[in-house]
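What follows is the residue order along each chain.
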Amino acid sequence: FFVVRRDGDILGIITLALVKGVPRGEWPTTPISQVMVPVEKMRTVAPGEDAISVLELMDEADVNQIPVVENRALLGLVARDNVLRFLRARAELGT
C-alpha cells in the first residue's frame, strides 16, 4: 500500500487493488480521497504497542503491514515478517 499524507499528517492509504477498482477512463478525474481508505477506518498501532499485540491485530485484520501512527503523524511501518523474526530471535535468546 501507499500512504497518503498532507503536511506530515496521514490521511489514509491507497492500494493497487483500490486503484484497479476505478475504471481506467476515470483515473484522470478521480481524486485519491475518493478511493483511499481514510485514516479513521485504518488499522494502526501506537509506537509503544508490544509485538504480540501488533501481530494479533495484523492477524485479525488479515494484513501483512500496519502503520505506526501518533497524533496523525506516520512514524513507521511494521511488517509481519519483521515481527515474527523479532519474536523468533527473542525466543532463541531466551528473553
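Structure report, in brief. (Residues numbered from 1 in each chain as written. Predicted model: local features only at pLDDT ≥ 70, side-chain atom pairs only at ≥ 80, totals over all residues. Heavy atoms only, no water.)

Secondary structure assignment for the chain yields 4 helices and 5 strands. Going from N to C terminus, the chain has its helices and strands arranged as β-β-α-α-β-α-β-β-α. For the chain, whose C-alpha radius of gyration is 16 Å, the value lies well above the compact-globule estimate of 12 Å for 95 residues. Dimensions of the chain along its principal axes, counting C-alpha atoms only, are 55 × 25 × 15 Å. Scored against the burial criterion, the 95 residues of the chain give a buried share of 25%. (Helix = DSSP H or I, 4+ residues; strand = E, 2+ residues; numbered from the N terminus. Rg over C-alpha atoms; globule rule 2.2 N^0.38 Å. Buried < 20%, exposed > 50% of the residue type's maximum accessible area, 1.4 Å probe, protein only.)

Each regular strand displays side chains that alternate between the two surfaces of the sheet. Relative to strand β5 (residues 73-79), strand β4 (residues 65-70) runs antiparallel, the two being bridged by 6 bridges. What sits directly across from Val-69, in β5, is Leu-74. Counting the residues that bridge the hairpin from β4 to β5 gives 2 residues, and of these Asn-71 lies at a positive phi of roughly 55°. (Pairing = 2+ DSSP bridges.)

A few words on a nonpolar patch on the surface. A surface patch of nonpolar side chains, about 230 Å² in accessible area, is lined by Phe-1, Val-3 and Leu-77. Positionally, Val-3 belongs in strand β1 (residues 2-6). (Patch = residues over 30% accessible without salt bridge, like charges linked within 9 Å, V, L, I, M, F, W, Y side chains within 5 Å. Areas by Shrake-Rupley, 256 points an atom, 1.4 Å probe, with all protein chains shown as cover. Salt bridge = Lys/Arg side-chain N within 4 Å of Asp/Glu carboxyl O.)

Counting residues in hydrophobic clusters, the biggest one holds 9 residues: Val-45, Ala-51, Val-54, Leu-55, Leu-57, Met-58, Ile-66, Val-68 and Val-83. Top contributing element to this core by residue count: helix α3 (residues 51-61), with 5 residues. Excluding its chain neighbours within four sequence positions, the residues that come into contact with Leu-55 are Arg-80, Val-83, Leu-84 and Leu-87. Membership of the second largest hydrophobic core comes to 6 residues, among which are Val-4, Ile-14, Val-22 and Val-35. (Core = buried A, V, L, I, M, F, W, Y, C linked by side-chain atoms within 4.5 Å. Contact = heavy atoms within 4.5 Å.)

To continue, consider the packing of α3 against helix α4 (residues 80-93). Their axes nearest at 10 Å, the elements α3 and α4 cross at an angle of 140°. As for how α3 packs across α4, the hand of that crossing is left-handed. Where α3 abuts α4, its residues Ala-51, Ile-52, Leu-55, Met-58 and Asp-59 lie against Arg-80, Val-83, Leu-84, Phe-86 and Leu-87. Residues belonging to the contact of α3 with α4 are distributed by class as follows: 8 nonpolar, no polar and 2 charged. (Axes fitted to C-alpha atoms, helices over the stretch in contact; angles between N-to-C directions. Left-handed = near helix turned anticlockwise from the far one by under 90°. Nonpolar A, V, L, I, M, F, W, Y, C, P; charged D, E, K, R; others polar.)

In short, shape yes, function no, at least from these values alone.
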